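Observations on the model geometry
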Amino acid sequence: MPFCLSPAVPYSCRICRKFRFLVSFSTSSALKTVAYFEEADTHVSNYPELQRRMQSYATSGDFSNALCTLNLMKNIHGKPTVYDCNALMYCYLKSKNVCWQELFEMYVGMKRFGPRPNASTFNTLLNGMLILGNLKHAIFIVEEMCRSNFVPSFSSLSKTLKKTVEVGNLLEALTVFELMLRYDYYPTEPTLNKFISMLCEAGMVSKAYFVFSVLLRKGYVYSVYCYNPILWVLCKSGRSYTALQLFYLMKKKGFVHNVCSYTALIYGFSREGLPDDVFQCLDFMQSDGCKPNVITCTIIVKFLFDNGKFEEAMDFVGKMQREGCDPDLLTYNVILRELCHIDRLADISEFIRVMDQKGISPDSYTYAALCGGLLKIRKVGIACELFLDLISNGCTVDAAVYNIYFRCLCRENKSREALSLLKSMVEAGFKPNNVLYNTILSGFCRESNINEALELLDHFEWDANGPDVVSFNTILSTACRLGNSAIIRRILYRMEYEHIKLDAFSLTCLVQYFCTIGNFSECLKLMESMMHNGPTPTVVTFNMLLHNLCKNRLLGTAYRIFKNLRNTQFLPDVTSYNILIHASIRERNHLLIGQLLVEMNRQKLKPDAISYGSLISGLCKEGKISGALQLWNQMLESGLIPSVVIYNTILQAMFQRGKFWGILSLLKVMVVEGSQPDEVTVGILNQAVSNGWIKRFPKVAKVLEWVISNDFRKKQIKRQ
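As the structure is a computational prediction, the values presented were derived from the model and not from experiment. (Residues numbered from 1 in each chain as written. Predicted model: local features only at pLDDT ≥ 70, side-chain atom pairs only at ≥ 80, totals over all residues. Heavy atoms only, no water.)

1. Examining the packing of helix H15 (residues 259–271) against helix H16 (residues 275–287)
Our working rule: Fitted lines through C-alpha atoms serve as axes, helices being fitted only where they are in contact, and the angles separating the N-to-C directions of these axes extend from 0 to 180 degrees. The secondary structure listing takes helices from DSSP runs of H or I that are at least 4 residues long and strands from runs of E that are at least 2 residues long, numbered from the N terminus. Put simply, angles under 35 degrees are roughly parallel, angles over 145 are roughly antiparallel, angles from 65 to 115 are roughly perpendicular, and the rest are oblique. Crossings are classed by handedness, with left-handed meaning an anticlockwise turn of the near helix from the far one by less than a right angle and right-handed meaning a clockwise turn. Any two residues whose heavy atoms approach within 4.5 Å at even a single point are treated as in contact. Just so you know the grouping, Ala, Val, Leu, Ile, Met, Phe, Trp, Tyr, Cys and Pro go in nonpolar, Asp, Glu, Lys and Arg go in charged, and all remaining residues, Gly too, go in polar.
Where H15 contacts H16, the two axes come as close as 8 Å, and the packing angle between them is 165°. By the angle class used here, H15 and H16 are roughly antiparallel. Classified by chirality, the crossing of H16 by H15 is left-handed. Between H15 and H16, the residues in contact are Val259, Tyr262, Thr263, Leu265, Ile266, Phe269 and Ser270 and Asp277, Val278, Cys281, Leu282, Phe284 and Met285, respectively. Each residue belonging to the contact of H15 with H16 can be placed in one class, and the counts come to 10 nonpolar, 2 polar and 1 charged.

2. So, the environment of Thr557
This is how the line gets drawn: Working definition: with a 1.4 Å probe on protein chains only, accessible area under 20% of the residue-type maximum means buried, over 50% means exposed, and in between means partly exposed.
Within the fold, Thr557 resides in helix H32 (residues 555–566). The partly exposed category is assigned to Thr557, whose relative accessible area is 23%. Sequence separation between Thr557 and Leu546 is 11 residues; the distance between their C-alpha atoms is 8.8 Å.

3. Regarding helix H25 (residues 434–446)
The cut-off we apply is this: One less than the residue count of a helix, multiplied by 1.5 Å, gives the span that helix is expected to have.
The terminal C-alpha atoms of H25 lie 18 Å apart, and with 13 residues this matches the ideal 18 Å at 1.5 Å per residue to within 8%. Counting buried positions over the 13 residues of H25 gives 10, a clear majority of the element. Buried residues of H25: Asn434, Leu436, Tyr437, Asn438, Thr439, Ile440, Leu441, Gly443, Phe444 and Cys445, and no others. Among the structural elements, helix H23 (399–411), helix H24 (415–427), helix H26 (450–459) and helix H27 (469–482) are those in contact with the buried residues of H25. One or two positions beyond H25, positive phi appears at Ser448, with a value near 65°.

4. Regarding the pattern of salt bridges
Filter applied, for reference: Whenever Lys or Arg places a side-chain nitrogen within 4 Å of a carboxyl oxygen from Asp or Glu, that contact is recorded as a salt bridge.
Evaluation of the coordinates by the stated rule reveals 11 salt bridges. With a shortest N-O distance of 3.5 Å, Glu412 and Lys414 are connected by a salt bridge. In this structure Lys414 comes out as partly exposed when scored by relative accessible area, which is 35%. With a closest N to O distance of 2.5 Å, Arg416 and Glu452 form a salt bridge. With Arg416 in helix H24 and Glu452 in helix H26, this pair connects stretches of sequence that are 36 residues apart. In this structure Arg416 comes out as partly exposed when scored by relative accessible area, which is 46%. In the salt-bridge network here, residues are joined through shared partners; they are Lys111, Glu144 and Arg147.

Now the structure itself:
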């Protein structure tokens with residue numbers, strides 16, 4: 001019940017004091033009130049005059065005098081009636097000085113002493129509370145009305161639901177909705193659509209589906225706008241196939257889906273990395289006579305970019321334009337970001353020119369996409385120049401773009417310059433957020449200026465909650481990397497003082513520290529504590545421990561820990577197996593290598609390029625070139641591209657065993673696969689050419705000399 005003010009009994013004194021027409025006037029306060037009215041007019045017995053006076057007091061917000069005037073009506077037989085009480089409430093609610101407590105006590109008095117509230121009483125109170133926006137009390141009145149065996153009107157409940165939805169009070173809206181169902185009332189279409197949409201936005205998916213399914217069964221789902229929000233929230237939360245089931249259910253019931261319905265599914269499938277479903281849904285959409293809009297197309301373009309299909313994405317953009325769907329600013333932002341990632345700076349200029357011709361002005365997201373993309377491909381200098389051009393041209397940039405610029409400066413070891421700029425911005429009225437402060441801290445830590453970073457931690461004007469766990473982790477990770485135990489202790493003490501709990505990253509840093517100083521016993525204790533008390537270690541933490549154990553020739557210990565953790569809910573990844581395989585190859589533990597490969601297969605983990613690289617390297621060291629080549633072929637068949645390191649490993653093994661024709665064959669494959677030879681490759685070939693044995697194979701020698709002089713050297717010059 002929304003108003004558990006207190007039980008009815010404690011209110012009896014106050015109620016009796018106000019409802020003097022209901023009880024004897026024996027109390028002193030009652031006598032004072034009567035005396036006051038005797039002085040004012042002791043012989044008023046004109047009922048219409050008392051009604052007028054009561055309503056006048058109530059309309060002016062003087063509830064006490066209005067109630068006392070109501071009390072005087074007791075001198076008239078059969079008065080006051082429930083209609084007089086309702087009139088007082090109605091007039092009082094019209095005033096601008098309404099106290100709910102006064103109305104509540106009057107209502108309780110009417111229930112206990114009479115006249116009993118009628119339907120008009122409840123409707124008066126309910127309408128008044130709705131007008132005043134007092135929804136909590138409005139719902140209380142509705143519930144009281146139901147408990148008193150009165151049936152609320154559809155209009156009153158519909159208004160209450162509409163108001164609760166408008167202010168976003170979803171829990172109370174659900175209460176009103178259930179009351180409406182009790183009387184077979186159903187929300188209007190606009191209210192229902194907004195209600196379901198807001199439930200979805202608040203993450204209350206099960207409640208949204210409850211409202212939708214109840215009305216669907218009763219035939220009161222009006223249109224596609226009712227269930228589209230549910231489709232979207234399901235697709236955003238990784239439940240696209242559940243959304244698809246709902247999609248087909250509504251189609252079966254005769255509903256016509258719109259572009260928003262299809263776009264939701266396409267978004268969900270792309271988010272879950274399901275290309276077949278994405279394009280099947282697009283085909284189904286077009287065959288159904290529904291034309292994709294710019295949002296649909298932008299989602300697909302981004303999906304293709306994220307999956308490394310640049311040319312297909314650009315072809316799709318061209319197709320969009322041919323079909324009359326011109327890219328908007330968001331589409332261009334996605335394209336510009338991808339062009340930055342693949343280092344196509346000339347194309348960026350062309351697209352910006354096209355945007356200008358179409359009258360599309362870049363926004364802060366455009367600048368963030370450009371600067372962030374350049375930063376990602378380590379074009380830090382160009383990103384800085386772009387930012388300075390933006391500032392000099394008077395472009396408005398937000399905190400996100402400033403943060404990218406600060407990251408650029410910090411990447412170039414210009415943390416002090418970044419700090420100086422931040423200070424001047426603060427003096428000019430700019431309010432930094434924690435992300436900006438953390439970027440500066442990260443820059444100082446990157447340059448190993450950890451003591452200065454610690455001072456900045458104390459002097460920055462953080463937001464109301466102070467530095468966050470990222471701030472402390474930034475310094476803690478550097479201290480652990482440098483093995484600075486004094487700073488580590490200071491940070492841990494400060495985190496405890498600030499009531500900031502260590503997270504998985506913090507504890508991973510400590511694991512790294514203990515591994516660095518060789519204190520594996522303490523490291524294992526920390527891991528055990530994390531497993532039992534939390535936070536749960538990530539696979540990164542686990543792999544870091546395995547790597548350091550193997551690095552220190554403790555393969556047996558690493559494998560025992562690996563087996564123990566594998567028996568828990570913790571699942572190792574391919575990197576975990578790669579670490580152990582690499583160590584096993586180094587120690588020539590062939591039995592363990594076989595066990596690890598079998599376990600990988602059992603866990604449905606596929607070897608990656610690193611796995612193959614380690615195995616090929618091990619076979620080459622043992623002179624098993626045919627076995628290495630078999631693995632190399634398997635790698636190609638699996639769609640993995642061997643790195644130049646793998647090619648160099650096999651080439652070196654072939655050279656050492658005089659397999660010069662094999663070298664030529666492998667070089668041809670390198671060219672076909674597009675693998676770029678490096679200095680190590682050239683060194684191996686130079687050794688082969690200068691070797692005395694190769695004179696027995698003059699054709700091979702000539703080919704190698706030609707390759708070195710006409711191909712690799714040119715590539716070296718290009719790199720220079």
